[in-house]
Amino acid sequence: MPVVRSDLVLNILGGGPAGLAAAYYAGKRRLAFRVYEAGEEVGGNCRTLRWGDFLFDTGAHRFHDRDPEVTAEMRLLLGDDLLEVHSPSQIRWNGTFIDFPLSPFDLLRKLDWPSAARIAGEVFRARVRGTSTPASFRDRAVAAYGETLAQTFLLNYSEKLWGEDPSRLSPEVAGKRLRGLDLGTLLIEALGGKQRKNAHLDGAFLYPRYGIGTIFDRVAEAVGPENIACGSRVTRLVHERGRIRRILVNGNLEIDGATVISTLPLTVALRQLDPPAPAELLEVANSMRFRHLVLGVFLLDRPRLSANASIYFPGEQPYTRIYESKNRSAQMAPARQTAVVLEIPCYADDAHWSMGEERLQLELRDSLVREGLVRDEEILGFRSVRVPFAYPVLEVGFEEKARLVADYLRSFQNLHLLGRSAQFQYSHIHDIFGQARSTVREIAGSQPGRLLPTA
Ligand SMILES: Cc1cc2nc3c(=O)[nH]c(=O)nc-3n(C[C@H](O)[C@H](O)[C@H](O)COP(=O)(O)OP(=O)(O)OC[C@H]3O[C@@H](n4cnc5c(N)ncnc54)[C@H](O)[C@@H]3O)c2cc1C
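An account of the accompanying structure is given in this report. (Residues numbered from 1 in each chain as written. Predicted model: local features only at pLDDT ≥ 70, side-chain atom pairs only at ≥ 80, totals over all residues. Heavy atoms only, no water.)

## Overview of the overall build of the protein
Then, in step 1: Check the secondary structure of the protein and you find 15 helices and 21 strands.
Then, in step 2: Counting over 455 residues, the protein shows a buried share of 56%.
Then, in step 3: Within the protein, contacts between residues separated by at least 24 positions form 73% of all contacts whose residues are at least 6 apart in sequence.
Then, in step 4: Counting every atom, the protein has about 20100 Å² of accessible surface; 50% of that belongs to carbon and sulfur. (Helix = DSSP H or I, 4+ residues; strand = E, 2+ residues; numbered from the N terminus. Buried < 20%, exposed > 50% of the residue type's maximum accessible area, 1.4 Å probe, protein only. Contact = heavy atoms within 4.5 Å. Areas by Shrake-Rupley, 256 points an atom, 1.4 Å probe, with all protein chains shown as cover.)

## Regarding the packing of aromatic side chains
Then, in step 1: Here the structure, examined in full by the defined rule, presents 16 aromatic pairs.
Then, in step 2: Summarising the aromatic geometry, the rings of Trp-162 and Tyr-391 are spaced 5.7 Å apart at their centres and angled 55° between planes, so their arrangement reads as tilted. Of this pair, Trp-162 sits in helix α6 (residues 147–162) while Tyr-391 sits in strand β20 (residues 379–392), and the two are 229 residues apart along the sequence.
Then, in step 3: You can call Tyr-391 buried: its relative accessible area is 9%.
Then, in step 4: Ring pairs connect the aromatic residues Tyr-24, Tyr-25, Phe-216 and Phe-433, which therefore count as one cluster.
Then, in step 5: Against the face of Phe-205 rests Arg-62, its NZ or CZ located 4.1 Å from the ring centre.
Then, in step 6: The ring of Trp-51 carries Arg-383 above its face, with NZ or CZ at 5.7 Å from the centroid. (Phe/Tyr/Trp six-rings, centres within 6.5 Å; stacked < 30°, edge-to-face > 60°. Lys NZ or Arg CZ within 6 Å of the ring centre and 35° of its normal.)

## Regarding the site of the ligand
Then, in step 1: Taken together, 31 residues lie near the ligand, and Glu-37, His-61, Arg-62, Val-234 and Ile-429 sit nearest.
Then, in step 2: At a separation of 2.8 Å, an oxygen atom of the ligand approaches a polar side-chain atom of His-61.
Then, in step 3: Considered on its own, the ligand offers 1000 Å² of accessible surface; in the complex 91% of this is hidden by protein.
Then, in step 4: Breaking the shell around the ligand down by element, the ones donating at least two residues are α1 (17–28), β20 and α15 (429–446).
Then, in step 5: The residue inventory of the shell around the ligand, partitioned by class, reads 13 nonpolar, 12 polar and six charged.
Then, in step 6: Taken domain by domain, the shell around the ligand gets at least three of its residues from each of domain 1 (3–40 + 230–288 + 395–446) and domain 2 (43–88 + 203–210 + 290–392). (Near = heavy atom within 4 Å. Polar contact = N/O pair within 3.5 Å; in protein donor to acceptor, adjacent residues only side chain to side chain. Nonpolar A, V, L, I, M, F, W, Y, C, P; charged D, E, K, R; others polar. Domains from an automatic or database assignment.)

## Considering empty space enclosed by the protein
Then, in step 1: Summed over all chains, the structure comprises two cavities of 30 Å³ or more.
Then, in step 2: Surrounding the second largest cavity, Ser-287, Met-288, Val-393, Glu-395, Val-396, Gly-397, Phe-398, Lys-401, Ala-402 and Phe-424 form its lining. (1 Å grid on protein atoms, 1.4 Å probe; cavity = no way out; pocket = protein on both sides within 12 Å on 5 of 7 lines; lining within 4 Å. Points joined across faces, edges and corners; volume = space filled by probe spheres on them.)

## So, the sheet that holds strand β2 (residues 10–13)
Then, in step 1: Strands sit in the order β10-β3-β2-β14-β21 across an open sheet of five strands; the sheet is parallel. Each edge of the open sheet carries a strand with a single partner, namely β10 (228–229) and β21 (415–417).
Then, in step 2: Pairing between strand β3 (residues 33–36) and β10: two bridges, direction parallel. Across the sheet, the residue bridging to Tyr-36 is Ala-229, located in β10. (Pairing = 2+ DSSP bridges.)

## Some points on the side chain of Thr-71
Then, in step 1: Here Thr-71 is to be found in helix α2 (residues 68–78).
Then, in step 2: For Thr-71, the side chain forms a polar contact with the side chain of Asp-65, separated by 2.7 Å.
Then, in step 3: With sequence-adjacent residues up to four places away left out, Thr-71 is seen in contact with Phe-63, Asp-65, Arg-66 and Leu-206.

## Looking at the packing of α1 against α15
Then, in step 1: Two elements in contact, α1 and α15, have axes whose closest approach is 8 Å; the angle formed by their N-to-C orientations is 45°. With respect to each other, α1 and α15 are oriented oblique. Two packed elements cross with a definite hand, and for α1 against α15 that hand is right-handed. Touching Pro-17, Ala-18, Ala-21, Ala-22, Tyr-24, Tyr-25 and Ala-26 of α1 are Ile-432, Phe-433, Ala-436, Arg-437 and Val-440, all from α15. (Axes fitted to C-alpha atoms, helices over the stretch in contact; angles between N-to-C directions. Parallel < 35°, antiparallel > 145°, perpendicular 65-115°, else oblique. Left-handed = near helix turned anticlockwise from the far one by under 90°.)

## Comments concerning the pairing of strand β7 (residues 89–93)
Then, in step 1: Judged by how many residues are buried, β7 sits mostly within the fold: four of five residues are covered.
Then, in step 2: Taken together, the five bridges between β7 and strand β8 (residues 96–100) define a ladder with antiparallel strand orientation. For Arg-92, the partnering residue across the bridge sits in β8 and is Phe-97.
Then, in step 3: As consecutive antiparallel partners, β7 and β8 are separated by two residues, and within that stretch Asn-94 has a phi angle of approximately 50°, a positive value.
Then, in step 4: Of the strand pairs in this sheet, β7 and strand β17 (residues 310–312) are connected by three bridges, and their pairing is parallel. In the sheet register, Gln-90 faces β17, and the bridge partner there is Ile-311.

## A word on the pattern of salt bridges
Then, in step 1: The tally for this structure, following the rule as stated, stands at 25 salt bridges.
Then, in step 2: Salt-bridge contacts for Arg-291 lead to Asp-350; the nearest nitrogen and oxygen are separated by 3.7 Å. One end of the pair, Arg-291, is in strand β16 (residues 290–300); the other, Asp-350, is in the loop between β19 (338–346) and α11 (351–354), and 59 residues separate them in sequence.
Then, in step 3: What makes Arg-291 buried here is its relative accessible area of 5%.
Then, in step 4: Of the residues examined, Asp-350 reaches a relative accessible area of 27% and is grouped as partly exposed. (Salt bridge = Lys/Arg side-chain N within 4 Å of Asp/Glu carboxyl O.)

## A look at the pairing of β3
Then, in step 1: Pairing analysis gives four bridges linking β2 to β3, with the strands arranged parallel. Bridge pairing in β3 places Leu-10 opposite Phe-33.
Then, in step 2: Assessed by its sense of winding, the connection that carries the chain from β2 through α1 to β3 is right-handed. (Right-handed = clockwise from strand over helix to strand, strands pointing away.)

## Things to note about unusual backbone geometry
Apart from glycine, the bulk of residues carry a negative phi angle, and the bulk of peptide bonds sit in the trans form.
Then, in step 1: Pro-275 follows Asp-274 through a cis peptide bond whose omega is 0°.
Then, in step 2: Relative to the assigned elements, Pro-275 resides in the loop between β15 (273–274) and α10 (279–286).
Then, in step 3: The phi dihedral of Asn-94 is positive, around 50°, even though this residue is not glycine.
Then, in step 4: One can find Asn-94 in the loop between β7 and β8.

This is the structure:
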């Protein structure tokens, strides 16, 4: 078995956004590091794929301008290629489009009066009752929107997205989405009309000209491709006396533990420990689930499907969301044609995860045609893409399970956890860059002597 005795300060496991963000900040601090990525390319669940003249991302991604320091890094990396995009999103419901996030005036226009009156009454009562601490996502949605609206637009959708009854999902899955239909918004809209709407209803966001994956391509260039080992699957984390001593890659290459940043899914990292983790912790890990995504990509012989950044589908359709890449950047498709990406959430044992290309295309095509969104003769091509570990499933009580597993892994003195699946939290690119910055700062503080030679 070959043994690589390295002087590396940092072994970064996984070359998705978290692994690359860690490499980026390690490079800035001139720390020596190496990234081990199982796949043939970096970017994880945040890649942009090319198909002929079309570009599309592995799911509907945008960059959120929430951390000024991280946004400044993005501007540094992308320069003029970081676009400010204005593209709204909508919900497809009963053959019509409804603004998302929900907007009271739009709803009043689109719903029949009896339903609108019932909803208004429910929302008013819900808001007057105030918010006691909700026990589940269902409680939180009903408390914010009232029963009818929550059921129509949120609970059905969430059940499809997470594959779980919303009363078993944590209130945390709502993220920052359950804003926008409170009394404040109602008053703002009533007094100031559409122009006074909350900024997030306007659909403004940042996005790289050639797709979200450009961020990570640029990071990979900046940190040096020679520091990234693709095709390197971490298979075992060998520990002794409270430290990770060796890492096995592809089952045979052995790397000195040094300092480790793991961005591997939390439960995967736990199962790789050698000697194994305590049985009760492995049992906890077995009850924690990740939702995967199948993407169905259609190339269409028409200039656009819609003007939306994303369209959400709370109904019977197998997909939860359609995203049209050229509505984020014109460079993503030829002027007269477009690519749309349908997101189908599933578990690995669901039929869609292993469904053959032809059957999947038929099912999705039939649904699009039935919805009146696409005509058969417009379809130029279809392919599917698998996105594993897309979302940690935040069931009620997930915090305690995630804490138990993460605390155990963090008890190894040289092991740090970073990223969405590694921390079992619903984090985004800007969160991950912010966390990578602090993690690397902490590591650099503890190992000041080991620097790369100055260029
Ligand atoms: C559909 C969708 C839409 C999203 N939209 C947005 C958005 O609009 N804005 C936003 O900011 N964020 C968005 N996100 C979130 C963002 O994509 C994730 O936060 C991000 O991908 C997480 O990065 P990560 O590195 O933690 O994990 P991942 O992207 O999962 O990367 C993990 C990497 O580790 C590698 N790996 C796994 N096991 C091993 C192993 N044993 N050995 C070596 N390598 C391994 C994988 O191949 C992968 O490359 C979205 C996510 C999804 C799924």
